[in-house]
Amino acid sequence: MGVTVYSTKSCLWCVKAKSYLDSLKVSYESIDVGSNREAAREIVEKTRQQGVPVVKVGERYIVGFDQSAIQSALREAELI
């Protein structure tokens with residue numbers, strides 16, 4: 001089960017989400033939806049929202065930088 005962060009280059013909350021994962025020593029794939037239209041369509045389809053960051057833990061999507069939701073998903077996935 002992996003972790004993916006969908007973000008854009010100009011998104012401050014995306015930087016915070018990645019820094020939070022780094023602080024927990026959780027590895028993740030970072031996808032820039034500003035340059036990857038297919039990934040952008042995927043997250044809109046899955047979440048019904050257009051905002052970033054979107055943190056995907058396994059099959060769970062967390063829209064926005066919601067530290068407690070991210071931590072909960074990581075615990076459920078036994079990644080922390």
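An account of the accompanying structure is given in this report. (Residues numbered from 1 in each chain as written. Predicted model: local features only at pLDDT ≥ 70, side-chain atom pairs only at ≥ 80, totals over all residues. Heavy atoms only, no water.)

1. Looking at the pairing of strand E4 (residues 60-63)
Inference 1: By the bridge criterion, four bridges tie strand E3 (residues 54-57) to E4 in an arrangement that is antiparallel. Paired with Val54 across the bridge in E4 is Val63.
Inference 2: What sits between the antiparallel neighbours E3 and E4 is a turn of two residues, in which Gly58 has the positive phi angle 65°. (Pairing = 2+ DSSP bridges. Helix = DSSP H or I, 4+ residues; strand = E, 2+ residues; numbered from the N terminus.)

2. Points about the packing of aromatic side chains
The description of an aromatic ring pair uses the distance of the two centres, along with the angle that the planes make with each other.
Inference 1: Under the defined criterion, the tally for this structure stands at two aromatic pairs.
Inference 2: Relative to Phe65, the ring of Tyr20 lies with its centre 6.0 Å away and its plane at 65°, an arrangement referred to as edge-to-face. With Tyr20 in helix H1 (residues 12-23) and Phe65 in the loop between E4 and helix H3 (67-76), this pair connects stretches of sequence that are 45 residues apart.
Inference 3: Every member of this aromatic cluster is reached through a ring pair, and the members are Trp13, Tyr20 and Phe65. (Phe/Tyr/Trp six-rings, centres within 6.5 Å; stacked < 30°, edge-to-face > 60°.)

3. Quick word on the pairing of strand E1 (residues 3-7)
Inference 1: For E1, the buried fraction is high: five of the five residues fall into the buried class.
Inference 2: On E1, burial covers both faces: Val3, Val5 and Ser7 on one face and Thr4 and Tyr6 on the other are all buried.
Inference 3: Where E1 and E3 come together, four bridges link them in antiparallel fashion. When the bridges of E3 are listed, Thr4 appears paired with Lys56.
Inference 4: Judged from the four bridges that link them, E1 and strand E2 (residues 29-32) form a sheet pairing that is parallel. When the sheet's bridge partners are listed, Ser7 is paired in E2 with Asp32.
Inference 5: Running through H1, the crossover from E1 to the neighbouring parallel element E2 is right-handed. (Buried < 20%, exposed > 50% of the residue type's maximum accessible area, 1.4 Å probe, protein only. Right-handed = clockwise from strand over helix to strand, strands pointing away.)

4. Focus on the pattern of salt bridges
Inference 1: Summed over the entire model, instances satisfying the criterion amount to one salt bridge.
Inference 2: Between Glu76 and Arg60 there is a salt bridge whose closest N-O contact spans 3.5 Å. Of this pair, Glu76 sits in helix H3 while Arg60 sits in strand E4; the two residues are 16 residues apart in sequence, bridging distant segments of the chain.
Inference 3: Under the relative-accessibility criterion, Glu76 is labelled exposed at 59%.
Inference 4: Overall, Arg60 belongs to the partly exposed group, its relative accessible area being 32%. (Salt bridge = Lys/Arg side-chain N within 4 Å of Asp/Glu carboxyl O.)

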